[in-house]
Amino acid sequence: MPQRHLREAAADAARLVQPQGQGLDSASVRQRMVARLRAEGLNEERVLEALAQVPRHEFVDSALAAQAYEDTALPIGHGQTISKPSVVAHMIGLLFKGRSAVAQGHLGRVLEIGTGCGYQAAVLALLARSVVSVERVQGLHERARANLGRVRLPVVPKLIWADGRLGAHGPFDSIVAAAGGEDLPPAWLQQLAPGGRLVAPMSKGSGQVLVVVDHVVERGVSQWLRTEHEAVLFVPLKSGVL
Ligand code: SAH
């Protein structure tokens, strides 16, 4: 009886898809992730709230969706990865300690270098006045556009396919890089608004460290104050587009 087979197949399909879909779509799975990040010492509440809202499973391959709320980097194709939630929280937390962000209560005009799958751009969109995100790999740029199209956000990130070492149309109050190079490209410093803060990984010795730069203006004179933070591990910042 063909009809019966069809009904059984439909029931099987529902059984296979539903438990996972329900689990990942619910806010509680994200709240559990955020609770773990809080327990690890991440304490910028606005950032944790944003992480609690963004459906990270929409930004990874469906085969990896079950791992989307673990604190791990996951492959997104083209040899790249989606950043760990704790790293995203830490980087954006550092941006919030910049002068512009403290004064405005949000991150202002944000530039992200290295869109990847678009996850961090979505988190930033909940915390900024505007977001521009640059990616050098066209395939990822397009995937990010599709991923972000599935998520409802108060600010729509402007995605650009280009070499992010050149920055974008600044100035920006906050700049965050998701890839680390040998140096800080001069365009980033030039496009950092007075009071603005940049957070980026950078090579040091055989590894990488997180570097924070504040654009401070005193008596009309600009200074770029640089501090080094902990060791990190990001994908390399490369030149040109693919
Ligand atoms: N922001 C992502 C992380 C992506 S990984 C997230 O939310 O998880 C870093 C990305 O930086 C990769 O996609 C890589 O292709 C990109 N990248 C490396 N060098 C770049 C450059 N010069 N300009 C723009 N993107 C670059």
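Sequence order sets the numbering: in each chain, residues are counted from 1 along the sequence as written. Reporting of local features is limited, given that this is a predicted model, to residues whose pLDDT is at least 70; pairs of side-chain atoms are given and counted only at 80 or more, and all residues count toward the totals for whole chains, interfaces and linings. Neither water nor hydrogens contribute to the side-chain values; these are computed over all heavy atoms in the structure.

Trainee: Explain the site of the ligand to me, and be specific about the residues and the numbers.
Mentor: Definition of nearness: a residue and a molecule or strand are near each other if at least one heavy atom of the residue lies within 4 Å of the molecule or strand. In the neighbourhood of the ligand, 25 residues make up the surrounding shell, with S83, Q120, E135, G164 and K238 lying closest. At a separation of 2.8 Å, an oxygen atom of the ligand approaches a polar backbone atom of Q120. Between a nitrogen atom of the ligand and a main-chain N or O atom of G164, the distance comes to 2.7 Å. Contact with the protein chains covers 99% of the free accessible surface of the ligand, which is 580 Å². The distinction between a cavity and a pocket rests on a 1 Å grid over the protein atoms alone: a 1.4 Å probe fits inside a cavity but cannot get out, while a pocket stays open yet meets protein on both sides within 12 Å along at least five of seven lines, and a residue with an atom within 4 Å of a point counts as lining. A cavity or pocket is said to hold a molecule if more than half of that molecule's atoms lie within 2 Å of its grid points. Structurally, the ligand is housed in the largest pocket. To qualify as a helix, a DSSP run of H or I must reach at least 4 residues; to qualify as a strand, a run of E must reach at least 2; elements of each kind are numbered from the N terminus. Of all the elements in the fold, those that place two or more residues in the shell around the ligand are strand 2 (80-82), helix 6 (119-125), strand 4 (130-135) and strand 11 (235-236). A total of 3 residues in the shell around the ligand trace back to one element, the largest contributor, which is strand 2. Contacts described as polar in this section are N or O atom pairs within 3.5 Å, which, within protein, must combine one atom able to donate a hydrogen with one able to accept it, while residues neighboring in sequence count only if both atoms come from side chains. Method for areas: the Shrake-Rupley scheme with a 1.4 Å probe, in which residue coverage is limited to the protein chains shown.

Trainee: With reference to specific residues and values, describe the pattern of salt bridges.
Mentor: By convention in these notes, a salt bridge is any Lys or Arg side-chain nitrogen within 4 Å of a carboxyl oxygen on Asp or Glu. Scanning the model with the defined rule gives 7 salt bridges in all. A salt bridge links R46 to E44; the nearest nitrogen and oxygen atoms lie 3.0 Å apart. Note that K204 and E228 form a salt bridge whose closest N and O atoms lie 2.9 Å from each other. Placement of the pair is K204 in strand 8 (residues 192-204) and E228 in strand 10 (residues 221-232), with a sequence separation of 24 residues. Accessibility here uses a 1.4 Å probe with only protein chains present; expressed as a share of the type maximum, an area under 20% marks a residue as buried, one over 50% as exposed, and anything in between as partly exposed. Judged by its relative accessible area of 46%, K204 falls in the partly exposed class.

Trainee: Could you give me a rundown of the sheet that holds strand 6 (residues 172-177), with the residues and numbers involved?
Mentor: With mixed pairing, the 7 strands of this open sheet are ordered in space as 5-4-3-6-8-9-10. Two strands lie at the open edges of the sheet, namely strand 5 (158-161) and strand 10, each paired on one side alone. In this sheet, adjacent strand axes meet at a mean angle of 15° when their direction is disregarded. For two strands to count as paired, DSSP must find a minimum of two bridges between them. As judged from the 4 bridges shared by strand 4 and strand 5, these two strands associate in the parallel manner. Considered in strand 5, the bridge of S133 is made with L159. Only heavy atoms matter for contacts: two residues are in contact if any of them lie within 4.5 Å across the pair. Fitting a line to C-alpha atoms yields each axis, with helices limited to the stretch in contact; the angle taken between N-to-C directions then spans 0 to 180 degrees. Across the sheet, helix 4 (residues 85-95) touches strand 6, strand 8, strand 9 (207-218) and strand 10, and the angle it forms with strand 8 is around 145°. Relative to strand 5, helix 7 (residues 138-149) is tilted by about 165°, and along the sheet it contacts strand 4 and strand 5.

Trainee: Residue-level account of the packing of aromatic side chains, with values.
Mentor: For Phe, Tyr and Trp, where Trp contributes only its six-membered ring, two rings pair if their centres lie within 6.5 Å, and the inter-plane angle classes them as stacked under 30 degrees, edge-to-face over 60, or tilted in between. If you walk through the whole model with that rule in mind, you get 1 aromatic pair. Taking the centre distance of 5.8 Å and the plane angle of 70° together, the rings of F59 and Y119 count as edge-to-face. On the criterion of sequence distance, the pair formed by F59 in the loop between helix 3 (45-53) and strand 1 (74-77) and Y119 in helix 6 is long-range, its members being 60 residues apart. Given a relative accessible area of 2%, F59 falls into the buried group. Lying across the ring of F96, R46 places its NZ or CZ 4.0 Å from the centre. As a reminder, the over-ring test applies to NZ of lysine and CZ of arginine, requiring each to be within 6 Å of the ring centre and within 35 degrees of the ring normal. Geometry around Y119 places R56 over its ring, the cationic atom sitting 5.5 Å from the centre.

Trainee: Before we move on, could you go through the pairing of strand 9 and cite the residues and values that matter?
Mentor: In regular strands, side chains alternate between the two faces of the sheet. Of all 12 residues in strand 9, 9 are buried, a share of seventy percent or more. Examined bridge by bridge, strand 8 and strand 9 share 8 bridges and lie antiparallel to one another. Bridging from a neighbouring strand, M202 pairs with V209 of strand 9. The hairpin turn running from strand 8 into strand 9, its antiparallel successor, is 2 residues long, and G205 in that turn takes a positive phi close to 60°. Hairpin connection, strand 9 to strand 10: the antiparallel pair is bridged by 2 residues, and R219 has positive phi, about 50°.

Trainee: Residue-level account of the layout of surface pockets, with values.
Mentor: Estimates place the volume of the largest pocket at around 540 Å³. If you trace the largest pocket, you find 33 residues lining it, with Q80, T81, A178, A179 and V235 closest to the centre. Of all the secondary structure elements, the ones that give two or more residues to the lining of the largest pocket are strand 2, strand 3 (109-113), helix 6, strand 4 and strand 11. With 3 residues, strand 2 is the single largest residue contributor to the lining of the largest pocket. As a working rule, the residues Ala, Val, Leu, Ile, Met, Phe, Trp, Tyr, Cys and Pro are called nonpolar, Asp, Glu, Lys and Arg charged, and the rest polar, with Gly in that last group. When its residues are assigned to classes, the lining of the largest pocket shows 17 nonpolar, 9 polar and 7 charged. Grid points are joined across faces, edges and corners, and a volume is the space filled by probe spheres set on the points.

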